[in-house]
Amino acid sequence: MDSPRPRRSSRHLPLPPTRRARRRLPPRRVRGPLAALLLVLTSCTESAPGDAASGAAASGHAASGTSASGAATSGAAAAVVPAAAADLSAAIDALVTEAVERGVLAGAAVAVLRGGEPLHVGHYGWADLETRTPVGPETLFNMESTTKPFTGAALAALASEGRLDLDDPLQQWIPEFPNPEQGARITLRQLVNHTSGLSDYIDADLERWLETREPLAPAVVLDYLADRPLDFEPGTHWAYTNSGFYLAGMVIERASGQPWFDVVRDRFLTPGELDDLHLCDDAPAARRTTGYIGTDSTLAVDPLFREEGIRADGGLCASALTLARAASVLESEVGLGPAFPTVRTPTRLANGVAIDYGMGLRSGTLAGHALYGHTGGISGYLAVMARFPDDDVSIAVLINTNRTPSDALVLFGPIAARALGVDVVTPPERPLSDAVAAAYVGRYRGAPGEGPVEVTTADGRLRVTLAGAESSTELIAVGEHTFARADGSYPLDRFVFQMHEGVAAAYAGYYNGMHQTFRQRLP
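Residues numbered from 1 in each chain as written. Predicted model: local features only at pLDDT ≥ 70, side-chain atom pairs only at ≥ 80, totals over all residues. Heavy atoms only, no water.

A. Quick peek at the packing of aromatic side chains. A full pass over the atoms with the stated rule returns 12 aromatic pairs. Measuring from ring centre to ring centre gives 5.2 Å for Tyr440 and Phe483, while their planes differ by 85°; the resulting arrangement is edge-to-face. Of the two residues, Tyr440 sits in the loop between α15 (434–437) and β17 (442–444) while Phe483 sits in strand β21 (residues 482–485), which places them 43 residues apart along the sequence. On the basis of relative accessibility, which here comes to 1%, the residue Phe483 falls in the buried class. Measuring from ring centre to ring centre gives 5.5 Å for Phe483 and Phe497, while their planes differ by 75°; the resulting arrangement is edge-to-face. (Phe/Tyr/Trp six-rings, centres within 6.5 Å; stacked < 30°, edge-to-face > 60°. Helix = DSSP H or I, 4+ residues; strand = E, 2+ residues; numbered from the N terminus. Buried < 20%, exposed > 50% of the residue type's maximum accessible area, 1.4 Å probe, protein only.)

Take a look at the structure:
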């Protein structure tokens, strides 16, 4: 559950008079107030510890505990913290508070840890606009697809114990799978690295929920897949699909003899002291947020935010501090320990092309700093969980608004850059000759349901155009087979081509350093 989907809204709430209406989901560009605040994140001077909360408090939207560097206790006085932490908190407060005041976010929570200790824990805006319930330290957000790392880890743990083999065919564990011939060709590993070829059930399920309000159940997913061909032969391509993770949850239950959440709780949450990470269906209702969706002039309640029955592909809820702590648990001795590389190792297709996605973990590099984690977004929520293992830094960003220009991944980039001490700038453009550029030119396979992507070249730059689109994205060379956006928007984004015999075989998009998209050259 990792990308915005079309949906209908059940009711609308007007924005407060101080909020400015914004059009829904503009292109990914940093402009206006947000652009100015990115400069704050890379250049703000050291401030006194108490200054971190001043902007948020003045807005009236920040819950008690905002900018609680080192702790997130409601109503607590500002702690005395090192100048670097206070500086980080002031910058994050300015960035997120501006988005709340502008009316593009209902609420948000951010946590940044180093060495397991909080550098910043902030809470902003509203858990519920209608009741004016503020976001606070106890507020729970839907994690959405940041649930997936725990499902991949649970599958790997069972494999390490010999309860299953990651190369077992799907049909062995789910004999009622409606397409036995497909089930015999899909492995358990392919379910959680998005190379199964299974069609994503999500769009159909959203419509089903709006019509019936019945909880999601295995029969719903199996019925959806019953008459659908595979999008591609298993192991030959990569395309994000929630169907694989839903089925993986069923396999985990059958191999362990326990409900999926009990496996995650007993193996990771309890040993990792993550007791405040919940199955959303069972989470305390008073602590949960309402999910919203951005429209032309309002934030409207997203009717999908309370769908029941979601499990292995997006069913967990947490506070930002708990999610940030969870980012390091999987690699620790109380998590997977020595088996952790099983879930982090990049996926390799049958033709040798590698994808920076393991078993429920996205990977990448932000300005030279290696990272892994996941993103999530649907049903009124957007989330990022990221871990920089070499820096011992973990970050969580949670918001209860979908279709917003200030989404969780947009906020994550400058927050991570500030925490790591790197500049939010596009590297200098490198010369790109026509001969070298020609190696990238071609047609690439788009996401399921989309037409091909055309890569062309002009004036020493690349242009990427989705079939049927009226505009294209211009890219400049900034490294070996590595490109950035020519217009300077999202300066931490990268597009990296993989070469085979001197010609590009595929390219991947890394948004704020984290792998997000994959396109493979068409014959």
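B. Here's a closer look at the confidence of the model for the chain. Averaged over the chain, the pLDDT score is 86; the fraction of residues at 70 or greater is 84%. For the stretch residues 2–83, pLDDT sits under 50, and the model shows 203 contacts to residues farther than four places along the chain or on other chains. (pLDDT = per-residue confidence, 0-100. Contact = heavy atoms within 4.5 Å.)

C. Examining the state of the cysteines more closely. Going through the model one piece at a time under the given rule, you end up with 1 disulfide. With its sulfur 2.0 Å from that of its partner, Cys280 forms a disulfide with Cys317. Judged by the sign of its S-S torsion, about 110°, the bond between Cys280 and Cys317 is right-handed. Placement of the pair is Cys280 in the loop between β6 (278–279) and β7 (292–294) and Cys317 in strand β9 (residues 316–318), with a sequence separation of 37 residues. Across the pair, Cys317 and Cys280 agree in class, each one buried. (Disulfide = S-S within 2.5 Å.)

D. Structural view of the pattern of salt bridges. What the rule picks out here adds up to 24 salt bridges. Its salt-bridge partner being Asp205, residue Arg208 comes within 2.8 Å of it at the nearest N-O pair. In this pair, Arg208 and Asp205 are both assigned in helix α8 (residues 202–212), 3 residues apart and thus about one turn of the helix distant. Overall, Arg208 belongs to the buried group, its relative accessible area being 15%. Residue Arg287 is joined to Asp276 by a salt bridge in which the shortest nitrogen-to-oxygen separation is 2.8 Å. Here Arg287, found in the loop between β6 and β7, pairs with Asp276, found in the loop between α11 (260–269) and β6; they are 11 residues apart in sequence, far enough to count as distant. Connected through salt bridges with shared partners, the residues Glu429, Arg461, Arg463 and Glu474 form a single ionic network. (Salt bridge = Lys/Arg side-chain N within 4 Å of Asp/Glu carboxyl O.)

E. Representation of the sheet that holds β6 within the structure. Pairing in this open sheet of 3 strands is antiparallel, and the strands run β5-β9-β6 from one edge to the other. The strands lining the two open edges of the sheet, one partner per strand, are β5 (141–142) and β6. Across 2 bridges, β6 lies against β9 in antiparallel orientation. Within the sheet, the bridge partner assigned to Leu279 lies in β9 and is Leu316. (Pairing = 2+ DSSP bridges.)

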